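# Commentary on secondary and tertiary structure
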Amino acid sequence: MTCRPEARTVLRTIGGGLGAILLLLAACSEPLPEAAPIERAQQALAAQDGLGAEIILREMLAGGTPEMEIAAYLGEAELQQGQIAEARRWLESSSFTPATAGRGFHMLGRARMREGNLPEAGMAFDRALEFIPESPDLWVDIGRLRYLGGEHRQAVDASIRAAELGPQNVAALQFRAQLVRDAAGPEAALPWYEAALESNRDNLALMGDYAATLGELGQLKDMLVVVRRMIELDEENSQAFYLQAVLAARGGRFDLARNLLDRSGSLQRETPAAMLLSGIIDLETGNHASASQMFDRLERMQPDNARIRLLAARSLALGGKHRELVHRFEDRAGQPGAPPYLTTLVGRSYEVLGERAKAALYLDLAARSTATGLRPLPSATSLDVALARGPKTGPDAAALVRALLGAGQPAAAIDNAEAFLRLAPGSGDAAALAGDAYIFAGQGRKAAEYYANAAEIRQFWPLARRMVAAELAAGRRQSALTLLEYQLAKNSANTEAAVMLARAELQSGNAAKAGLLLDLAIANGAARDPQVWMLRAETALALDDAETAREAAIRAYSLQRMNPEATGLLARILTQTGGSDAQAQALAHKAARLQRR
């Protein structure tokens, strides 16, 4: 045994004793043998160091290690470096040993999935299952593949299997958390994230998901703690900067939010959520042209997203692009059920362009619209083209069902929605589409059944809103109210849910609760909606709160002076609460004239 000089020095310094003897033994022991090259390569791959692993593996090749023994690892190393074609060269042209075949076919499936070749990815994963049927990482990838392919229910089953096989596997727990969050909300997902963090406290991807979930729940202080820890671990972490930008924007500090978001790198150019935040920051800081470009990109990516459409129209209006605004949005603004805000923007743009007749038409539509009814989404594909394509894929099925509903053919829409559901029985999107077909055919109970199936996969507000309509159509009012209360509990900033619930509470005679819900909606962004102020005025009147009733009615009237309902309501409230008789009479006459238009 050899004893290092520094160990002898320490021994003399501390003067012997048991602690010194133990220290001496540790210092004078034989050095641990270096790990075998394959073990070092595996450790590098586990640490996501694909380049380091590749160097070790190529040294092994040069030293005479047979290719088939390490081809699976080389393929994985290339995948970690984003070299998909090179990975496929190792994974497709090489045979594997029995010990590495499972890993090899697993990596081949990953490579094919990244290329978008889902059928071949599935075949590779099936081969991998023959060798490593109890690999939680494999089951995670199988679940992700199924989700990408629209087999949502099967993806959930795979996530459960992965979590059972790997109760401490970070990928399995994170995937399960993501699907639980989609189906049951952020609060239900928290225990899954926290379980994964127990043994993976410094996993940045996991921490990012966890921080975002805390943010959804409004736990902003806890979110900030996690984000700061992410920065400590990686000063250039793009997701951490994005999450900090979200926090800054929520606090109204938009210049800081822009600075932070710019440090997120490509994230703000490639991720829809970050792109949306970028557009909102530009809108709030007066960069209307930049905001318009970003919302335009997002609208092309998500053509059914009504919120993005309204933001795109607003950015054009604020930027003075009135001709472009009317060109892009006048058709949609003139459709039944169009958002009054969009119709108003089109009307105001026509005013600026000097086309007063068209301006009056759209402003009158906005004044008379309540936009509370449920209507089918328009199809971007003509009925003839949609019929020719048939319901073979998700986009084609949605286009066809929407076109048929728009043409007043609900029975044909049901037939095609059911046909697509038979092709994709585990798809939440297919179940939701079938629900749409039935709800617009007047079959509320059947629609509610399909919507409930879709909600088991993923719950989001547009689906929940249709679920509420289906429950009401089925005569189950209390069930509809329970759904609204659940949505509001998940997201207190959901102004539409708050207003819908307030209207129901007022109809039930619970004006006090209705007033609280409306105040919540107004505080969270509904302050420029005349319909909300009108309902707030009616609520205050039911509570004998004359001052609040007058203030709310005045706010509604000031927002839409040509709205006959807002005008008549203000006249009635002035009369009932001791206001000016002359003013009330003038408003009543104006309301009557507007009604005759």
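These numbers come from a predicted model, not from an experiment.

Bringing the overall build of the protein into the picture now. The helix and strand inventory of the protein stands at 36 helices and zero strands. Taking the principal axes of the C-alpha coordinates as reference, the protein spans close to 110 × 70 × 50 Å. Summarising the internal contacts of the protein: among those between residues at least 6 apart in sequence, 49% fall at separations of at least 24. Carbon and sulfur atoms provide 52% of the accessible area of the protein, an area that totals close to 29,600 Å².

Moving on to the packing of aromatic side chains. All told, the structure shown has five aromatic pairs when counted by the stated rule. Each ring, one from Phe96 and one from Phe105, has its centre 5.3 Å from the other, and the planes form 80°; the classification is edge-to-face. Each member of the pair, Phe96 as well as Phe105, carries the same accessibility label: buried. Assessed through its relative accessible area of 14%, Phe105 is described here as buried. Aromatic ring contacts, followed pair by pair, group Phe96, Phe105 and Phe131 into a single cluster. Positioned above the aromatic ring of Trp192 is the side chain of Arg176, whose terminal nitrogen or guanidinium carbon lies 5.7 Å from the ring centre. Between the NZ or CZ atom of Arg458 and the centre of the ring of Phe460, over which it lies, the distance is 4.6 Å.

What follows is about the pattern of salt bridges. Pairs can form between side chains of opposite charge once their charged atoms are near each other. In the structure shown here, the tally under the stated rule is 31 salt bridges. The residue Arg89 makes a salt bridge to Glu86 at a minimum N-O spacing of 3.2 Å. Separated by three residues within a single helix, Arg89 and Glu86 lie in helix H6 (residues 84-93), roughly one turn from each other. By relative accessible area, Arg89 is classed as partly exposed at 42%. Accessibility expressed as a relative area gives 26% for Glu86, which makes it partly exposed. Its salt-bridge partner being Glu299, residue Arg328 comes within 2.6 Å of it at the nearest N-O pair. Highlighted residues: Arg328 in helix H21 (residues 322-333) and Glu299 in helix H19 (residues 288-301), separated in sequence by 29 residues. For Glu299, a relative accessible area of 15% translates into the label buried.

Now for unusual backbone geometry. At Gln48, a position not held by glycine, the phi torsion is positive, near 65°. Of the residues examined, Gln48 reaches a relative accessible area of 59% and is grouped as exposed. Unusually for a residue other than glycine, Asp544 sits at a positive phi of about 60°. Relative to the assigned elements, Asp544 resides in the loop between helix H33 (530-542) and helix H34 (546-559).

Considering the arrangement of structural elements, one finds Gln244 in helix H15 (residues 238-250). Assessed through its relative accessible area of 18%, Gln244 is described here as buried. Apart from residues no more than four positions distant in its own chain, Gln244 is found in contact with Val227, Ile231 and Leu260.

Structurally, Leu569 can be placed in helix H35 (residues 564-576). Counting along the chain gives 336 residues from Leu569 to Leu233, while the straight-line C-alpha distance between them is 59 Å. Here Leu569 is in contact with Met534, Ala537 and Glu538, once residues within four sequence places are set aside.

So, on to the side chain of His322. Relative to the elements of secondary structure, His322 occurs in helix H21. We classify His322 as buried; its relative accessible area is 15%. Beyond its immediate stretch of four places on either side in the chain, His322 contacts Ala317, Ser349, Val352 and Leu353.

Helix length check: H19 (14 residues) gives 20 Å between terminal C-alpha atoms against 20 Å at 1.5 Å per residue, within 8%. Every buried residue of H19 is accounted for by His288, Ala291, Ser292, Met294, Phe295, Leu298 and Glu299. Along the axis of H19, the buried residues cluster in a sector spanning 165°; they form a single face. In H19, the exposed residues that point more than 90 degrees away from the buried face are Ala289, Gln293 and Arg300. Looking at the buried residues of H19, the elements they touch are helix H17 (267-270), helix H18 (272-284), helix H20 (306-318) and H21.

Attention now moves to the packing of helix H7 (residues 101-114) against helix H9 (residues 136-148). In a pair of packed helices, the angle between the axes and the distance between the axes together describe the arrangement. Running from amino to carboxyl end, H7 crosses H9 at an angle of 25°, the nearest separation of the two axes being 11 Å. Between H7 and H9, the interaxial angle falls into the category roughly parallel. As for the relative orientation of H7 and H9, their crossing is left-handed in sense. Residues His106, Arg110 and Met113 of H7 touch H9, and the partners they reach there are Asp137, Leu138, Asp141, Arg144, Leu145 and Leu148. Of the residues that constitute the contact of H7 with H9, the class distribution is four nonpolar, one polar and four charged.

Turning next to the nonpolar core. Ranked by size, the top nonpolar core spans 70 residues in total, and within it Val401, Tyr451, Leu463, Leu484 and Ile573 carry the most contacts. If one sorts the elements of this core by residue count, helix H27 (residues 428-439) sits on top with eight residues. Not counting residues within four places of it along the chain, the set of residues in contact with Tyr451 comprises Ala432, Gly435, Asp436, Ile439, Leu463, Arg466, Met467 and Ala470. One finds Met60, Trp90, Phe105 and Ala172 within the second-largest nonpolar core, a separate group that totals 40 residues.

This next bit is on helix H29 (residues 461-473). Its 13 residues place the ends of H29 18 Å apart at the C-alpha level, agreeing with the 18 Å of an ideal helix rising 1.5 Å per residue. Looking at the buried side of H29, the elements it contacts are H27, helix H28 (444-455), helix H30 (477-490) and helix H31 (495-507). Following H29 by one or two positions, Gly475 adopts a phi angle in the positive range, close to 80°.

Its place among the elements puts Asp364 in helix H23 (residues 356-368). Residues Asp364 and Gln560, spaced 196 residues apart in sequence, show a C-alpha to C-alpha distance of 9.7 Å.

Within the secondary structure, Leu501 is located in helix H31. When its relative accessible area of 2% is taken as the criterion, Leu501 is described as buried. Not counting residues up to four positions away in its chain, the partners in contact with Leu501 are Leu481, Leu484, Glu485, Leu488 and Leu517.

Residues of the protein with pLDDT of at least 70 account for 93%, and the chain-wide mean is 89. Ignoring residues within four places in sequence, the model shows residues 1-29, a span with pLDDT below 50, making 16 contacts including any to other chains.

Scoring rules and cut-offs
- Residues numbered from 1 in each chain as written.
- Predicted model: local features only at pLDDT ≥ 70, side-chain atom pairs only at ≥ 80, totals over all residues.
- Heavy atoms only, no water.
- Helix = DSSP H or I, 4+ residues; strand = E, 2+ residues; numbered from the N terminus.
- Contact = heavy atoms within 4.5 Å.
- Areas by Shrake-Rupley, 256 points an atom, 1.4 Å probe, with all protein chains shown as cover.
- Phe/Tyr/Trp six-rings, centres within 6.5 Å; stacked < 30°, edge-to-face > 60°.
- Buried < 20%, exposed > 50% of the residue type's maximum accessible area, 1.4 Å probe, protein only.
- Lys NZ or Arg CZ within 6 Å of the ring centre and 35° of its normal.
- Salt bridge = Lys/Arg side-chain N within 4 Å of Asp/Glu carboxyl O.
- Expected span 1.5 Å × (residues − 1).
- Arc of directions from axis to C-beta.
- Axes fitted to C-alpha atoms, helices over the stretch in contact; angles between N-to-C directions.
- Parallel < 35°, antiparallel > 145°, perpendicular 65-115°, else oblique.
- Left-handed = near helix turned anticlockwise from the far one by under 90°.
- Nonpolar A, V, L, I, M, F, W, Y, C, P; charged D, E, K, R; others polar.
- Core = buried A, V, L, I, M, F, W, Y, C linked by side-chain atoms within 4.5 Å.
- pLDDT = per-residue confidence, 0-100.

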